[in-house]
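Each chain, written out:
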Amino acid sequence: MIQAKFSITDAHLEFLSQREQFGFRDKSQVVRAALDHLQSELLGRRIAESAEIYAEIYSKDDEAREWTKVATLDWPE
């Protein structure tokens, strides 16, 4: 694995020292889990924001709504 050097606060260090209480075997595992969680959360936000933008554009585009309606006429209910 690649190693990285970064600065943290005393509160972060205190939390890392309690890692075993949360089921982590070492500090690196805590940091990796936190980064994975943050990455997932940020990606989810980006997807939600994108969906909102597309929905807004779609709501203002009569032509797109019409061809979508026509395209779905043959779909089973």
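Residues numbered from 1 in each chain as written. Predicted model: local features only at pLDDT ≥ 70, side-chain atom pairs only at ≥ 80, totals over all residues. Heavy atoms only, no water.

Tracing the sequence through the fold places Ile8 in the segment before helix 1 (10-17). Judged by its relative accessible area of 40%, Ile8 falls in the partly exposed class. Spatially, the C-alpha atoms of Ile8 and Ala64 are 50 Å apart, while their sequence positions differ by 56 residues. In this structure Ile8 touches Leu13 and Leu16, once residues within four positions along its chain are discounted. (Helix = DSSP H or I, 4+ residues; strand = E, 2+ residues; numbered from the N terminus. Buried < 20%, exposed > 50% of the residue type's maximum accessible area, 1.4 Å probe, protein only. Contact = heavy atoms within 4.5 Å.)

What follows covers the packing of helix 1 against helix 2 (residues 27-60). Relative to each other, helix 1 and helix 2 sit at 115 degrees, their axes nearing to 9 Å. On the basis of their axis angle, the class for helix 1 and helix 2 is roughly perpendicular. For the element pair helix 1 and helix 2, the recorded crossing hand is right-handed. Every residue of helix 2 that contacts helix 1 at Leu13, Phe15 and Leu16 is listed here: Lys27, Val30 and Val31. A per-class count over the contact of helix 1 with helix 2 returns 5 nonpolar, no polar and 1 charged. (Axes fitted to C-alpha atoms, helices over the stretch in contact; angles between N-to-C directions. Parallel < 35°, antiparallel > 145°, perpendicular 65-115°, else oblique. Left-handed = near helix turned anticlockwise from the far one by under 90°. Nonpolar A, V, L, I, M, F, W, Y, C, P; charged D, E, K, R; others polar.)

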